[in-house]
Amino acid sequence: MPAPTAHAPHAHPSPANSHAVECRGVTFRYPRTGGGIGVLDDAPALKDISLSVRVGERLGILGPNGGGKSTLVKLILGLLPCQSGDLSVFGEPPHEARRKGLIGYVPQRVESELAFPLSVRQVVAMSAERGLMPWARVDHDRRSAVENAIEVVGLASVADRAIGKLSGGQLQRAMIARALAGRPRILFLDEPTVGIDVGGQQRFAELLDSLHSRLGLTIVIVSHDIRVIAAGCDRVACLSRTLHFHDTPQGLTPKVLAEVFR
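All of the points below concern the structure found in this document.

What counts as what
- What you see as residue numbers is a count from 1 along each chain, following the sequence as written.
- Totals for whole chains, interfaces and linings use all residues, but because this is a predicted model, local features are given only for residues with pLDDT of at least 70 and pairs of side-chain atoms are given and counted only at 80 or more.
- Values shown for side chains rest on all heavy atoms present in the structure; no hydrogens or waters enter the calculation.
- The numbering of helices and of strands both runs from the N terminus, where a helix is a DSSP run of H or I of at least 4 residues and a strand a run of E of at least 2.
- Buried residues are those whose accessible area, probed at 1.4 Å on protein chains only, stays under 20% of the maximum for their type, while exposed residues exceed 50% and partly exposed ones sit between those limits.
- Every residue pair with non-hydrogen atoms within 4.5 Å of one another is taken to be in contact.
- At least two DSSP bridges between two strands are required for those strands to pair.
- Crossover handedness is defined here as right-handed if the route from the first strand over the helix to the second strand goes clockwise, with the strands pointing away from the viewer.
- To get an axis, fit a line to the C-alpha atoms, keeping to the stretch in contact for a helix; angles then go from 0 to 180 degrees between the N-to-C directions.
- The working definition used for a salt bridge is a side-chain nitrogen of Lys or Arg within 4 Å of a carboxyl oxygen of Asp or Glu.
- Each pair of aromatic rings taken from Phe, Tyr and Trp, with Trp reduced to its six-membered ring, is defined by centres within 6.5 Å and is described as stacked if the planes are under 30 degrees apart, edge-to-face if over 60, and tilted in the remaining cases.
- Geometric relationships in this document are graded by angle, where less than 35 degrees denotes roughly parallel, more than 145 denotes roughly antiparallel, 65 to 115 denotes roughly perpendicular, and other angles denote oblique.
- Helix crossings fall into two classes, left-handed where the near helix is turned counterclockwise from the far one by less than a right angle and right-handed where it is turned clockwise.
- Two N or O atoms form a polar contact when they lie within 3.5 Å of each other; inside protein one atom must be a possible hydrogen donor and the other a possible acceptor, and for residues adjacent in sequence the pair counts only when both atoms belong to side chains.

Quick notes on the overall build of the protein chain
Secondary structure summary: the protein chain contains nine helices and nine strands in total. Counting over 262 residues, the protein chain shows a buried share of 45%. Considering only residue pairs separated by 6 or more positions, the protein chain has 71% of its internal contacts joining residues 24 or more positions apart.

Topic: the pairing of strand β7 (residues 218-223)
Here β7 lies mainly inside the structure; six of its six residues are buried. Of the two faces of β7, both are covered, the one formed by Thr218, Val220 and Val222 as well as the one formed by Ile219, Ile221 and Ser223. Here strand β3 (residues 58-62) pairs with β7 via five bridges, running parallel. By the bridge assignment, Arg58 is partnered in β7 with Ile219. One ladder, built from five bridges, connects strand β6 (residues 186-190) with β7; its direction is parallel. Looking at β7, one finds that Ile186 is bridged to Thr218. Remark: the β6/helix α7 (residues 198-215)/β7 crossover connection has right-handed handedness.

Focus on the sheet that holds strand β5 (residues 103-106)
Spatially, the six strands line up as an open sheet ordered β5-β6-β7-β3-β8-β9, and their pairing is mixed. Strand pairing shows two members of the sheet lacking a second neighbour, β5 and β9 (242-247), which therefore form its edges. With strand direction ignored, the average angle separating the axes of adjacent strands in the sheet is 15 degrees. Where β5 lies against β6, four bridges are found, and the strand directions are parallel. Note that in β6 the partner of Val106 across the bridge is Leu189. Packing of helix α6 (residues 168-180) onto the sheet brings it into contact with β5 and β6, and relative to β5 it is tilted by some 160 degrees.

Quick word on the pattern of salt bridges
Counted by the stated rule, this structure contains ten salt bridges. The partner of Glu57 in a salt bridge is Arg54, and the shortest N-O contact between them spans 3.8 Å. Using a relative accessible area of 5% as the deciding quantity, one classes Glu57 as buried. Through salt bridges with shared partners, one network takes in Arg54, Glu57 and Arg235.

Observations regarding helix α1 (residues 69-77)
Residues lying three or four places apart along an α-helix face the same way, a consequence of the helix completing one turn every 3.6 residues. Counted residue by residue, α1 has seven buried out of nine residues, so it is predominantly covered. Every buried residue belonging to α1 is among Lys69, Thr71, Leu72, Val73, Leu75, Ile76 and Leu77, and all of these are buried.

Re the packing of aromatic side chains
According to the stated counting rule, one finds one aromatic pair in the structure shown. Summarising the aromatic geometry, the rings of Phe28 and Tyr30 are spaced 4.9 Å apart at their centres and angled 85 degrees between planes, so their arrangement reads as edge-to-face. For Phe28, a relative accessible area of 3% corresponds to the buried category. Among the residues examined, Tyr30 registers a relative accessible area of 30% and is labelled partly exposed.

What about the packing of helix α4 (residues 120-128) against helix α5 (residues 140-152)?
The N-to-C vectors of α4 and α5 enclose an angle of 125 degrees; their axes lie 9 Å apart at closest approach. For the element pair α4 / α5, the angle class is oblique. Classified by chirality, the crossing of α5 by α4 is right-handed. Along its contact with α4, which presents Arg121, Val124, Ala125 and Ala128, the element α5 presents Arg142, Val146, Glu147, Ala149 and Ile150.

Thoughts on the environment of Arg58
Checked against the element boundaries, Arg58 lands in strand β3. Since its relative accessible area comes to 17%, Arg58 is described here as buried. Note: C-alpha distance between Arg58 and Asp234 (176 residues apart in sequence) is 5.3 Å. Ignoring any residue separated from it by four or fewer positions in sequence, one finds Arg58 in contact with Asp209, His212, Ile219, Gly232, Cys233, Asp234 and Arg235. Polar contacts involving the side chain of Arg58 include one to the side chain of Asp209, which spans 2.7 Å.

Considerations on unusual backbone geometry
Even without being glycine, Glu191 reaches a positive phi, approximately 45 degrees. Relative to the elements of secondary structure, Glu191 occurs in the loop between β6 and α7. In this model, Arg241 sits at a positive phi of 70 degrees, which is unusual for a non-glycine residue. Residue placement: Arg241 occurs in the loop between β8 (235-240) and β9. Look at Arg241 and you get partly exposed, because its relative accessible area is 39%.

On their own, these measurements won't tell you what the molecule is for.
Spelled out as structure tokens, the structure:
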């Protein structure tokens, strides 16, 4: 029997040279500790960020811890409000894009997830079943999306294994499959190689290449590790509160990196 074919992401027509994500002049401040309701920090977490992610490209967001990478991702995911500037995902407000299932997100490894007595298949199904009432029957398309996501990341042989029994690399694949089961058009990965050995990092890079070519996904990788970003991205955005660089990895000079990581 032939292997199942992976589902393509949501099929929405995209004009040539269209953007998956557009940020224009985005500034964000967190509430000031002890400052009362509506009082914001003087120092912005992000200041005047303008960048774009083209449909089908692989963008790496590189920067130090505390440099605003997670804040930017939360804004794009619609988890934080855009206070200043313009931000859209496939032409939609971020919260609408997320509600429509256009965005897939793989967070950093969360130890609490490993304690659940769930199989790989059950964890992956969480994404495909999003929005269903507890008593609703899972239809054939959603079940197929789960099996296809498991297959495309190479975990079919361990689909019934407890999630907590996986290796670090297998767990990362399971989390990617969970995001893919919702059939997003753009996939965000937050520090995806933390806790994975060198061999696992190489296999991870090969997996992303496969997902990009087979599914036509737009991929955004967020990391403080330049090796992860440079190895598999078409363009790089260097972020440390402001945007210091937004171009191909070949332009990452020592001067740029010193400015970002000082």
